Amino acid sequence: MAGYDDRDGKIWMDGKMVDWRDANVHILTHALHYASSVFEGERCYNGKIFLSRKHSERLIKSGEMMDMPIPYSVDEIETAKQAVLDANGLTDAYVRVVAWRGAGEDMGVSAARNPVRMAVTAWEWGSYYGDAKFQGAKLDVAKWKRPSPETIPTSAKAAGLYMICTMSKHAAEAKGCSDALFMDFRGYVAEATGANIFFVKDGEVHTPLPDAILNGLTRQTVIGMLKDRGITVHERHILPEELDSMEQCWLTGSAAEVTPVGQIGDWTFEVGPLTREIAEAYDALVRS
């Protein structure tokens, strides 16, 4: 398969459609040196991006939190996403919108005079965890911890927050795992490298309080689905030692969708009825 830089297709970049291979930036782009970048990952099902406007709204909020105002409105971002899908003939795809500080008058930590740029691309992408979606993913426990919201804007979907994700996922894959689970700076269970996490115990659901992690849109959707079914959901701080008593586990994310988890470190979980029910219901919802 060709690399992501060497494909046929079109990418929307700064207000116009360009050939895929020509969607390039200068080596002195500020984001490349200082992580001044925010993004959204979205899935399109049957020609419709799930929660599309909410993703666009969050992109703009992430930019604001990074002191990086996005120079496009929600409606303009929505139009750009649809244009990319149409230009590439895609109805089922992963959509990536990214905004960043480009090259300009400044080349240092401060870059207020540099333009904020944006691009939209889309490609076909299967299950994020492959067969794990049906069999249960195996997770490592990351050595890194999710930082305090006093150190970085943890509610922004910012590129810099994913540095430890890449490192942790590489370490996990080297051990034969699909992903890694983070604890947060206090030692509580946090999230995986690109997905929120849920646990089931005695018919009730427990999920980490999003006070130091991204409150994912899929996470919010799944909580709503559970509550609609009359299932009690506890959003709270979860200690690692509590995982001994948890019976089922799953991950949620726009890319991950709803993926069962069979093992985290030495903890094991059943891919049980509620996990399967929510996974199937989510698949039906996004395609409705």
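Quick caveat, the model's predicted, so the values are computed rather than measured.

Definitions and limits used
- Residues numbered from 1 in each chain as written.
- Predicted model: local features only at pLDDT ≥ 70, side-chain atom pairs only at ≥ 80, totals over all residues.
- Heavy atoms only, no water.
- Helix = DSSP H or I, 4+ residues; strand = E, 2+ residues; numbered from the N terminus.
- Buried < 20%, exposed > 50% of the residue type's maximum accessible area, 1.4 Å probe, protein only.
- Contact = heavy atoms within 4.5 Å.
- Lys, Arg positive; Asp, Glu negative; His and termini not counted.
- Charge placed at Lys NZ, Arg CZ, Asp CG, Glu CD.
- Patch = residues over 30% accessible without salt bridge, like charges linked within 9 Å, V, L, I, M, F, W, Y side chains within 5 Å.
- Areas by Shrake-Rupley, 256 points an atom, 1.4 Å probe, with all protein chains shown as cover.
- Salt bridge = Lys/Arg side-chain N within 4 Å of Asp/Glu carboxyl O.
- Pairing = 2+ DSSP bridges.
- Phe/Tyr/Trp six-rings, centres within 6.5 Å; stacked < 30°, edge-to-face > 60°.
- Expected span 1.5 Å × (residues − 1).

1. Some points on the overall build of the protein chain
Reasoning step 1: Tallying secondary structure elements over the protein chain gives 7 helices and 15 strands in all.
Reasoning step 2: Per-residue burial for the protein chain yields a buried fraction of 51% across its 288 residues.
Reasoning step 3: For the protein chain, contacts bridging at least 24 residues in sequence account for 67% of all contacts bridging at least 6.
Reasoning step 4: The protein chain carries 31 positive and 41 negative side-chain charges, and their two centres are separated by 1 Å.

2. Some details on unusual backbone geometry
Reasoning step 1: Although it is not a glycine, asparagine 46 sits at a positive phi angle of roughly 50 degrees.
Reasoning step 2: Along the polypeptide, asparagine 46 turns up in the loop between strand S3 (37-45) and strand S4 (48-49).
Reasoning step 3: One non-glycine residue with positive phi stands out, namely aspartate 67, at about 55 degrees.
Reasoning step 4: Position of aspartate 67 relative to the elements: it lies in the loop between helix H2 (52-65) and helix H3 (74-87).

3. Side note on a nonpolar patch on the surface
Reasoning step 1: The grouping of Ile27, Leu28, Leu32, Tyr34, Met107 and Val109 at the surface amounts to a nonpolar patch, some 620 Å² of accessible area in total.
Reasoning step 2: In this fold, leucine 28 is placed in the loop between strand S2 (16-19) and helix H1 (30-34).
Reasoning step 3: By relative accessible area, which is 40% here, leucine 28 ends up partly exposed.

4. Brief notes about the pairing of strand S1 (residues 10-13)
Reasoning step 1: Across 4 bridges, S1 lies against S2 in antiparallel orientation. Within S2, the position partnered with lysine 10 by the bridge is aspartate 19.
Reasoning step 2: The hairpin turn running from S1 into S2, its antiparallel successor, is 2 residues long, and aspartate 14 in that turn takes a positive phi close to 55 degrees.
Reasoning step 3: When S1 meets strand S6 (residues 116-123), the two strands line up antiparallel, connected through 2 bridges.

5. Quick look at the packing of aromatic side chains
Reasoning step 1: Overall, the coordinates contain 11 aromatic pairs when judged by the stated rule.
Reasoning step 2: Plain terms: the ring middles of tyrosine 4 and tryptophan 123 are 5.3 Å apart, the flat faces sit at 70 degrees to each other, and that makes the pair edge-to-face. Highlighted residues: tyrosine 4 in the segment before S1 and tryptophan 123 in strand S6, separated in sequence by 119 residues.
Reasoning step 3: Judged by its relative accessible area of 45%, tyrosine 4 falls in the partly exposed class.
Reasoning step 4: Residue classification places tryptophan 123 among the buried positions, given a relative accessible area of 11%.
Reasoning step 5: Members of the aromatic cluster, joined through ring pairs, are Tyr4, Tyr94, Trp123, Trp125, Tyr128 and Tyr129.

6. What to know about a negative patch on the surface
Reasoning step 1: On the surface, a cluster of negative charge is contributed by Asp202, Glu204, Glu247 and Glu270.
Reasoning step 2: When you line up the elements, glutamate 204 lands in strand S11 (residues 204-208).
Reasoning step 3: Owing to a relative accessible area of 32%, glutamate 204 belongs among the partly exposed residues under this scheme.

7. Some words on the environment of glycine 102
Reasoning step 1: Mapping glycine 102 onto the fold places it in the loop between strand S5 (93-101) and S6.
Reasoning step 2: When the C-alpha atoms of glycine 102 and threonine 193 are compared, they prove to be 26 Å apart, with 91 residues separating the residues in sequence.

8. So, helix H6 (residues 217-228)
Reasoning step 1: Its 12 residues give H6 an end-to-end C-alpha distance of 17 Å, which sits within 8% of 16 Å, the value for a rise of 1.5 Å per residue.
Reasoning step 2: Taken together, the buried positions of H6 are Leu217, Thr218, Arg219, Thr221, Val222, Ile223, Met225 and Leu226.
Reasoning step 3: At the C-terminal side of H6, glycine 230 shows a positive phi close to 80 degrees.

9. Some remarks on the sheet that holds S2
Reasoning step 1: The antiparallel open sheet is built from 6 strands, whose spatial order is S2-S1-S6-S5-S3-S4. With one partner strand each, in any of the chains shown, S2 and S4 form the two edges of the open sheet.

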